Amino acid sequence: MTTTARLILASSLLALLYTPLSRADACGQPATPIAEIQGTGDRSPLAGRTVTVEGVLTLDLRHPGGFQGFYLQQADHQVDADPRTSEAVFVYTRRPQGTAGERLRLTGRVKEYHGLTELVGIQALAVCGREALPEPLPINLPWQTPPEALENMRVRAQGPLTVIDNFRLAQYGELTLAGADQITATELHVPGPAALDLARRHREQRLLLDDGRRERDPRPVPWPPGGLTADTSLRAGDRVRDLTGVLDFRFDAWRLQPEASPTFESGNPRPPPPQRPDTPHVRVMALNLGNYFNGDGRGQGFPTSRGADSLSQFQRQHQRLLAALQAPDPDILSLAEVENDGYGPDSAIAQLARALGPEWRVVATPGQDGDDQIRTAMLYRADRVRAEGAPQRLTTGPFRHRGRPPLSQVFRARSGDAGVRVLSVHLKSKSCRGATGAERAPGNGEGCYANQRRHSAQALVDWLARVPEPANLAGTLVTGDLNAYARETPIELFRAAGYASMTHQFQPCSAHHCPGTTYRYKGATGTLDYALASASLQPRVLAARPWKLNADEPRALGYQGRLAGDAALPWRSSDHDPVITDLRL
């Protein structure tokens, strides 16, 4: 046999081998229903088997940086009658045939990939002509239909959804959505079964808006349309409507891969700072500065251990914090996460005081600041208030060998006689790094180091009760980052001692709205930063509220983010919102 004859024979054999799927008359022949592949459970009953399916390509993610496949859904006239079974499957392939709205016939192996049912190892693929896209099924949050029954299918959100998390927006192009804002469980419930149940239900009632890409740091950031910038933010609390796409499951979360860009609406615009009351008062502002470290204080010494990585980053952080601290026009500043580097002219706190202006003074406690890298600090305007007596730090009990000793100072208004004792506090965080024994998470929702925070709060309550009060003291205001939500043990201990959260009294929570919160973590909002007033001081509180400055903003806009820009804007100057309290003294 000649070489030419051999080639002709080989070509004929190959043609016969692929005829069932490449000839037009193969389309429409019996195939495995996709519903049988999906089944009624979390895993496919046909996993590992090779099947032939026929359906409509609804969304193609084979573009550069995409998920290297497409979604195939049964045509509407071919679906089964069981609402528990999905009618679509993800096809993982680099074969180029097919576009959205075409009917395809293909053979592949069923695989479960981290919870996603897909077809892999595609042996053959034929285009069978145009076919109407299946109608998107309506969805709501909370889910009315178990999402597993809609896996890989076209869906449409019936109403607007709320952005509850934008932490990974610039990193992975993701937004976490829910039917309404979600409040941290222990903000509403005493830690225990009720709080844990609420936290679980929150996690189950979320949907991620994805960008159909598997790349890190997409540029431009896909949402909002036009890209994320320092001036064009996308805040938690904003709303998204016109959501139509494919319901996908990846990386342990239900996601919507949109067919087109949805519509974004401002539901939580950037607010101005709270106005000062018309009556005489003293304004106290508490803020966690987010690791304010100034290197050696002379432009060198970067990267720092906990703050800026470079001088330019520090300058950006410094300018933003100045804008945030000056805009509300405070008289007293209670600060957390300030570098613990003394009080010399090159110290972080001295540099901040100079930048605020010549009228600002530092409350200095040399030798009492503890051995942590960060400390609490207080600044005050000497032209408006005067500091009375020596400042004090609690350096016994839980604060003897660890932690950040709380700082206490009495102030009086220049125009009045009544005084207020301000306490600046920063309790141990909930991070589980290094937690052992009793400091591991207790399983009631309070997180790691709950034991240490409880002992610290009790020590503070006892200290305040025994420290002598000067004459004509209106009361005590406990300020700062307590790293405990409103119904957790430290706050309950203060409540039992007669202290009340002023932000919660002026802006109480409901089941789905909590205006007094100051922090957002993994999609839930809650209060970590407080103005706790003693019983005697409470009648003198004119107003207390957070300034929604930071926690709802995307992390990428922070001073360390790639999209921060160099403008001296106050937004995302920290990851905590400041708490502003106006006192009639």
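Parameters at a glance
Starting afresh in each chain, residues are numbered from 1 along the sequence in its written order. It should be noted that, the model being predicted, local features are given only for residues of pLDDT at least 70 and side-chain atom pairs only at 80 or more, the latter also being counted only at that level, while totals for whole chains, interfaces and linings use all residues. Water and hydrogen atoms play no part in the side-chain values, which are based on all heavy atoms of the structure. Following DSSP output, two strands are said to pair if at least two bridges run between them. The helix count covers DSSP runs of H or I at least four residues long, the strand count covers runs of E at least two residues long, and both are numbered beginning at the N terminus. Interaxial angle, 0 to 180 degrees, is taken between N-to-C directions of lines fitted to C-alpha atoms, where a helix line uses only the stretch in contact. Two cysteine sulfur atoms form a disulfide, by the criterion used here, when they sit within 2.5 Å. Exposure is judged per residue with a 1.4 Å probe applied to protein chains only, and the accessible area is read against the type maximum: over 50% gives exposed, under 20% gives buried, and values in between give partly exposed. We call two residues in contact when some of their heavy atoms are within 4.5 Å. How far a helix is expected to stretch is found by multiplying one less than its residue total by 1.5 Å. In protein, a polar contact means a hydrogen-donor-capable atom and an acceptor-capable atom, both N or O and within 3.5 Å, with residues adjacent in sequence counting only if both atoms are side-chain atoms; elsewhere, any N or O pair within 3.5 Å suffices. To pair, rings of Phe, Tyr and Trp, with the six-membered ring standing in for Trp, must have centres within 6.5 Å; the planes then decide the type, stacked if under 30 degrees apart, edge-to-face if over 60, and tilted in the middle. Criterion for a charge above a ring: Lys NZ or Arg CZ within 6 Å of the ring centre, and within 35 degrees of the ring normal. Every residue gets a pLDDT, meaning the predictor's confidence in that residue, from 0 to 100. Among buried residues, the Ala, Val, Leu, Ile, Met, Phe, Trp, Tyr and Cys ones that are joined through side-chain atoms within 4.5 Å form a nonpolar core.

So, about the sheet that holds strand β4 (residues 102-113). Read around the closed barrel, five strands run β1-β2-β3-β5-β4, paired in mixed fashion. On average, each strand axis in the sheet is tilted by 55° relative to the strand beside it, whichever way the strands run. Where strand β1 (residues 50-60) lies against strand β2 (residues 69-73), four bridges are found, and the strand directions are antiparallel. Paired with Val-56 across the two strands is Gln-73, which belongs to β2.

The tally for this structure, following the rule as stated, stands at three disulfides. Covalently, Cys-27 is tied to Cys-128 through a disulfide, its sulfur atoms 2.0 Å apart. Around the S-S axis, the bridge from Cys-27 to Cys-128 shows a dihedral of about -75° and counts as left-handed. Taken together, the residues Cys-27 in the loop between α1 (3-22) and α2 (34-38) and Cys-128 in strand β5 (residues 116-130) connect sequence positions 101 residues apart. Across a sulfur-sulfur distance of 2.0 Å, Cys-432 and Cys-448 are joined as a disulfide pair. With the S-S bond torsion at 90°, the cross-link from Cys-432 to Cys-448 turns out right-handed.

Once that is clear, we can look at the side chain of Thr-184. Relative to the helices and strands, Thr-184 resides in the loop between β10 (182-183) and α4 (185-188). Note on Thr-184: relative accessible area 11%, which makes it buried. Ignoring anything within four residues of it in the chain, the contact list for Thr-184 reads Tyr-485, Ala-524, Thr-525 and Gly-526.

What follows deals with the sheet that holds strand β26 (residues 524-526). Here three strands make up an open sheet; going across it, the order is β10-β26-β25 and the pairing mixed. Strands with a single pairing partner mark the edges of an open sheet, and in this sheet they are β10 and β25 (519-521). By the bridge criterion, three bridges tie β25 to β26 in an arrangement that is antiparallel. Bridged to Tyr-519 within β26 is Gly-526.

Another point: the pairing of strand β8 (residues 161-165). Burial analysis of β8 places five of its five residues in the buried class, which makes it a mostly covered element. In the sheet, β8 pairs with strand β12 (residues 239-241) via two bridges, with the strands oriented antiparallel. Bridge assignment links Leu-161 to a residue of β12, and that residue is Val-240. In this sheet, strand β9 (residues 175-178) lies alongside β8 in antiparallel orientation, the contact comprising three bridges. Opposite Asp-165, over in β9, you have Thr-176 as the bridge partner.

Turning next to helix α6 (residues 311-326). With 16 residues, α6 ought to run about 22 Å at 1.5 Å a step, and its terminal C-alpha atoms sit 22 Å apart, in line with that. Among all positions in α6, only Gln-313, Phe-314, Arg-316, Gln-317, His-318, Arg-320, Leu-321, Leu-322, Ala-323, Ala-324 and Leu-325 are buried. Against β16 (282-292), β17 (332-339) and α7 (348-356) lie the buried residues of α6.

Of note, Ser-424 is situated in strand β22 (residues 419-426). Using a relative accessible area of 1% as the deciding quantity, one classes Ser-424 as buried. Polar contacts involving the side chain of Ser-424 include one to the side chain of Ser-334, which spans 2.9 Å. Beyond its immediate sequence surroundings of up to four residues, Ser-424 is in contact with Ser-334, Leu-335, Thr-376, Ala-377, Met-378, Pro-406, Leu-407 and Thr-479.

For the coordinates displayed, the defined rule picks out eight aromatic pairs. Cluster of aromatic residues (ring-pair linked, three or more members): Tyr-292, Phe-302 and Phe-314. For the cation-ring pair, Arg-375 lies above Tyr-343, with the distance from its terminal atom to the ring centre recorded as 4.3 Å.

We now examine the confidence of the model for the chain. Looking at the chain, pLDDT values average 93 and 96% of them are 70 or higher. Confidence over residues 1-25 falls short of pLDDT 50; this stretch has twelve contacts with residues more than four positions distant or in other chains.

The biggest cluster of nonpolar side chains holds 29 residues, and the ones touching the most others in it are Leu-175, Leu-177, Leu-207, Leu-228 and Leu-243. Mapped by element, the contributors of at least two residues to this core are β7 (154-157), β8, α3 (169-172), β9, β11 (207-209), β13 (244-250) and β14 (253-258). Look past the residues within four positions of Leu-228 in its chain and what remains in contact with it is Leu-169, Val-221, Trp-223, Ser-233, Leu-234, Pro-554, Ala-556, Leu-557 and Leu-563. Met-285, Leu-352, Leu-356 and Trp-547 belong to the second largest nonpolar core, which has 27 residues in total.

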